[in-house]
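This is what each chain is made of:
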Amino acid sequence: DHYRIDLAVPGFNRQDLFIHGSNHLLSVTGLKKRADPKEAVTPNELTYECMKREIILPNNVDMDFASAEYKNGILSISLYKTKYPINNRPVDIIAY
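None of the values given here were measured: they were computed from a predicted structure. (Residues numbered from 1 in each chain as written. Predicted model: local features only at pLDDT ≥ 70, side-chain atom pairs only at ≥ 80, totals over all residues. Heavy atoms only, no water.)

(A) View of the pattern of salt bridges. In the structure shown here, the tally under the stated rule is four salt bridges. A salt bridge links R89 to D64; the shortest N-O distance between them is 3.0 Å. Of this pair, R89 sits in the loop between β6 (74-81) and β7 (91-93) while D64 sits in strand β5 (residues 61-71), and the two are 25 residues apart along the sequence. Relative accessible area serves as the criterion here: at 54%, R89 is assigned to the exposed category. (Salt bridge = Lys/Arg side-chain N within 4 Å of Asp/Glu carboxyl O. Helix = DSSP H or I, 4+ residues; strand = E, 2+ residues; numbered from the N terminus. Buried < 20%, exposed > 50% of the residue type's maximum accessible area, 1.4 Å probe, protein only.)

If you want it as structure tokens, here you go:
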């Protein structure tokens, strides 16, 4: 059995998303930089877009088996349940 978390993150690519889990906290950060020649004051000006979501998790989640998938602006994260409370080591999760 598992938990599934779906987050809408439109406008970001899979490579722009960073997912990190530690103990009972899941963090999702999106960072995107782009050059917009129409709005730039100087030719080398960049625009950054950033988002961050933090979700408190129950203590029976095993982060070692977490997985994520990004498709059509939706990030789906699967977190597997354990029978007993667990303290997780920090892990980074890569979205596919």
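Still more to cover.
(B) Here's a closer look at unusual backbone geometry. The backbone of N23 shows a phi angle near 50°, a positive value even though the residue is not glycine. Relative to the elements of secondary structure, N23 occurs in the loop between β2 (17-22) and β3 (25-34). Here N72, not a glycine, exhibits a phi torsion of approximately 55°, which is positive. Mapping N72 onto the fold places it in the loop between β5 and β6.

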